[in-house]
Amino acid sequence: MDFFKLKENKTDVKTEIYAGIATFLAMIYIIPINANIMSASGMPLEALIVATALVTIIATAFNAFFSNTPVAMSVGMGLNAYFTFSVCKTYEIPWQSALGAVFLSGLIFTLLSFTNFRIWVIKSIPNDLRKAISAGIGVFIAFIALSQMGIIVKNESTLVSLGDFSSSKVLFALFGLFLVFIFWAWRIKAAFILAVLLSALCAWIFGIDNAKFPEQLLSLPVISGENGLSAIFGKLDIKGALELSMIPIVLTFFVTQLFDSIGTITGVGSRGKIFDDPKLGEKKLGKTLGADAASSAVGAIVGTSTVTAFVESSAGVEAGGKTGLTALVTAVCFIFTLFLLPVFKAIPANSIYPVLVLVGVLMFMEVASINFKDKAIAVSAFFIIIMMPLTYSITTGFAFGFIAYLFMRIVRKEFEKINFGIVILSAISLLVFLLQFIGN
């Protein structure tokens, strides 16, 4: 275990193993949730369950050996919803081309990880706007979840309204929502998966929404066949992703992953002082970001949307994890999930979507530290947050926000607060609207 430099990092094997298991329990929910979300794009559920587990194993193990940090990685929440409900369903782009866009964004991120680009982005884009983006994505995915649960429905007069609360499906969704918020409030580390399994158990017992107990608990991973991993593995369409109309989508995947990765990795690192070493801290951070970027490109090949660092890694860090051994243990634990396909398939959708609502809440909490006294920030943050759910598009939220920010700075003659990065992103935002106009 000298490879992980346990003594140098003031830890031991027992602590790292315990920390790795803690991280695993905190993030195992991603397999049924991601598979359920992405299957709405037309991809087979069985294949996505295997792909999600496989990508998590590969990305987390790679980070363990490459950067020696206790950061686990898997398919990012928020971008998987954007992939499915915006790119594939709203824009009617084939999932193969969407995977191509994810690959290109991951490839760009990987290449730029060897430069000081990430530092330039951090300095160029106001921290308040980065937080607004996180909050906006939170509202967006919560809105998607509530609509999928039947709590919010389409209404011809008011666009949206409350669903049928006499429906057993809706009441069951509220029950799942109640469970996940209760367990989160009690600070249970495995709150997400515990809420999913407990609500699923109730659905199986009472036959809610035709839910049934899995016929078996274990099975071999489905690799071949029309529903197997082979149906999505290597099926990305890079040529389709290179079309002009795909530029805003590739940019959205790239920018969102960049912000998410930097925020998550530095946040997790600060809890365990992982990157505090004046000599090795920045190197570890750079390697972890590089592993994050490369994993997205690999994920697209396997058949998933953007891969990113998971904030649930903080569960392992708080348990004492300090090295890549923690991440390696997490990766090993996820190997067992490859054999739980019958259980994951039997979980009803309304046991899963309540977790997405809570994820939205956690992301929206960033809004508390936004400086709304700054008029340019207030206007741009408002448009970012409100336009993502209203237009069903993270891309459109970006575009409105950055254009509004540049406009307000010019109107207020605050030219010293305008930098090259903001101008470039605003120009790309204008391109988004231009491409949509041409497309119509």
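For clarity, every value in this text was computed on a predicted model and none was experimentally measured. (Residues numbered from 1 in each chain as written. Predicted model: local features only at pLDDT ≥ 70, side-chain atom pairs only at ≥ 80, totals over all residues. Heavy atoms only, no water.)

S.K.: What is the right way to look at the side chain of serine 305 in this model?
M.R.: Along the chain, serine 305 falls in the loop between α12 (281-302) and β4 (307-309). Setting aside anything within four residues of it in sequence, one finds serine 305 in contact with Asn34, Met38, Val75, Leu79, Asn80, Phe83, Leu99 and Val102. (Helix = DSSP H or I, 4+ residues; strand = E, 2+ residues; numbered from the N terminus. Contact = heavy atoms within 4.5 Å.)

S.K.: In this structure, what is going on with the packing of helix α4 (residues 79-90) against helix α5 (residues 95-112)? I would like to understand it.
M.R.: Relative orientation of the contacting elements α4 and α5 amounts to 120°, with a least axis distance of 10 Å. Taken together, α4 and α5 sit at an angle that is classed as oblique. In this structure, the crossing between α4 and α5 has a hand that is right-handed. Taken together, the residues of α5 that come into contact with α4 (itself represented by Phe83, Val87 and Cys88) are Trp95, Ala98, Leu99 and Val102. Here the contact of α4 with α5 is built from residues that sort into 7 nonpolar, no polar and no charged. (Axes fitted to C-alpha atoms, helices over the stretch in contact; angles between N-to-C directions. Parallel < 35°, antiparallel > 145°, perpendicular 65-115°, else oblique. Left-handed = near helix turned anticlockwise from the far one by under 90°. Nonpolar A, V, L, I, M, F, W, Y, C, P; charged D, E, K, R; others polar.)

S.K.: It is not clear to me how the environment of valine 367 should be interpreted in this structure. Could you clarify?
M.R.: With respect to the element layout, valine 367 can be found in the loop between α16 (349-364) and α17 (375-391). On a C-alpha basis, the gap between valine 367 and alanine 19 in space is 30 Å, while along the polypeptide they are 348 residues apart. If near-sequence neighbours (up to four positions away) are discounted, valine 367 is found in contact with Ala135, Phe372 and Ile385.

S.K.: Explain the pattern of salt bridges to me, please; I cannot follow it from the model alone.
M.R.: When their charged atoms lie close together, side chains carrying opposite charge are able to pair. For the structure on display, the rule yields 6 salt bridges. One salt bridge in this structure joins glutamate 156 and lysine 154, with 3.9 Å as the shortest N-O distance. Taking the shortest distance from any N to any O, the salt bridge between lysine 417 and aspartate 374 comes out at 4.0 Å. In this pair, lysine 417 sits in the loop between α18 (394-411) and α19 (420-439) while aspartate 374 sits in the loop between α16 and α17, placing the two residues 43 residues apart along the sequence. Taking the relative accessible area as the measure of exposure, aspartate 374 reaches 14% and is therefore buried. Among the charged side chains, a salt-bridge network with shared partners connects Asp374, Arg409, Arg412, Glu414 and Lys417. (Salt bridge = Lys/Arg side-chain N within 4 Å of Asp/Glu carboxyl O. Buried < 20%, exposed > 50% of the residue type's maximum accessible area, 1.4 Å probe, protein only.)

S.K.: Would you mind showing me how to read the packing of aromatic side chains here?
M.R.: The geometry of an aromatic ring pair is captured by two quantities: the separation of the ring centres and the angle between the planes. Under the criterion given, the structure shown has 19 aromatic pairs. Taken together, the ring pairs in this structure connect Phe3, Phe4 and Phe65 into an aromatic cluster. Of note, lysine 287 hangs over the ring of phenylalanine 66, and the distance from its end group to the ring centre comes to 5.4 Å. (Phe/Tyr/Trp six-rings, centres within 6.5 Å; stacked < 30°, edge-to-face > 60°. Lys NZ or Arg CZ within 6 Å of the ring centre and 35° of its normal.)

S.K.: What is the right way to read the pairing of strand β3 (residues 159-162) from this model?
M.R.: Each regular strand shows side chains that alternate between the opposite faces of the sheet. Two elements, strand β2 (residues 152-155) and β3, share 4 bridges in a ladder whose sense is antiparallel. The partner of isoleucine 152 across the bridge, within β3, is leucine 162. (Pairing = 2+ DSSP bridges.)

S.K.: Please explain α5 as it appears in this structure.
M.R.: Structural remark: α-helix, 3.6 residues per turn; residues separated by three or four positions point the same way. A rise of 1.5 Å per residue sets the reference length of α5, with its 18 residues, at 26 Å; its end C-alpha atoms lie 26 Å apart and thus fit the reference within 8%. The buried fraction of α5 amounts to 13 of the 18 residues, a majority that puts the element mostly inside the structure. (Expected span 1.5 Å × (residues − 1).)

S.K.: I would appreciate a short explanation of the environment of leucine 430 in the present structure.
M.R.: Inspection of the secondary structure assignment puts leucine 430 in helix α19. A C-alpha to C-alpha distance of 23 Å links leucine 430 and glycine 78, two positions 352 residues apart in sequence.

S.K.: How should I be thinking about unusual backbone geometry in this particular structure?
M.R.: Most peptide bonds take the trans form, and the phi angle of most residues other than glycine is negative. One non-glycine residue with positive phi stands out, namely lysine 5, at about 55°. Considering the arrangement of structural elements, one finds lysine 5 in the segment before α1 (13-27). The exposure class of lysine 5 is partly exposed, given its relative accessible area of 42%. Although it is not a glycine, lysine 413 sits at a positive phi angle of roughly 60°. Within the secondary structure layout, lysine 413 lies in the loop between α18 and α19.

S.K.: Is there a simple way to explain the environment of valine 307 in this structure?
M.R.: Mapped onto the elements, valine 307 comes out in strand β4. The buried category is assigned to valine 307, whose relative accessible area is 0%. Filtering out sequence-adjacent residues up to four positions away, valine 307 remains in contact with Val55, Ala59, Met73, Ser74, Val75, Gly76, Gln257, Asp292, Ser295, Ser296 and Gly299.

S.K.: Is there a simple way to think about helix α2 (residues 30-39) in this case?
M.R.: For α2, the tally of buried residues reaches 9 of 10 residues, placing the bulk of the element in the interior. What α2 keeps buried is the set Ile30, Ile31, Pro32, Ile33, Asn34, Ala35, Asn36, Ile37 and Met38.

S.K.: Is there a simple way to think about the nonpolar core in this case?
M.R.: Counting residues in hydrophobic clusters, the biggest one holds 136 residues, and the most contacted among them are Tyr29, Phe83 and Phe253. The element that contributes the greatest number of residues to this core is helix α7 (residues 127-149), accounting for 11 residues. Once residues within four sequence positions are removed from consideration, phenylalanine 83 is found in contact with Met38, Ser41, Met43, Cys88, Trp95, Ala98, Leu99, Val102, Phe253 and Ser305. (Core = buried A, V, L, I, M, F, W, Y, C linked by side-chain atoms within 4.5 Å.)

S.K.: I tried to follow the packing of helix α11 (residues 247-272) against α18 on my own but got confused; where do I start?
M.R.: The packing of two helices is summarised by the inter-axis angle and the distance between the axes. For the pair α11 and α18, interaxial distance at closest approach is 9 Å and the crossing angle is 80°. Here α11 lies roughly perpendicular to α18, going by the angle between them. Across from Pro248, Thr252, Val255 and Thr256 in α11, the residues of α18 making contact are Ile394, Thr395 and Phe398. Of the residues that constitute the contact of α11 with α18, the class distribution is 4 nonpolar, 3 polar and no charged.

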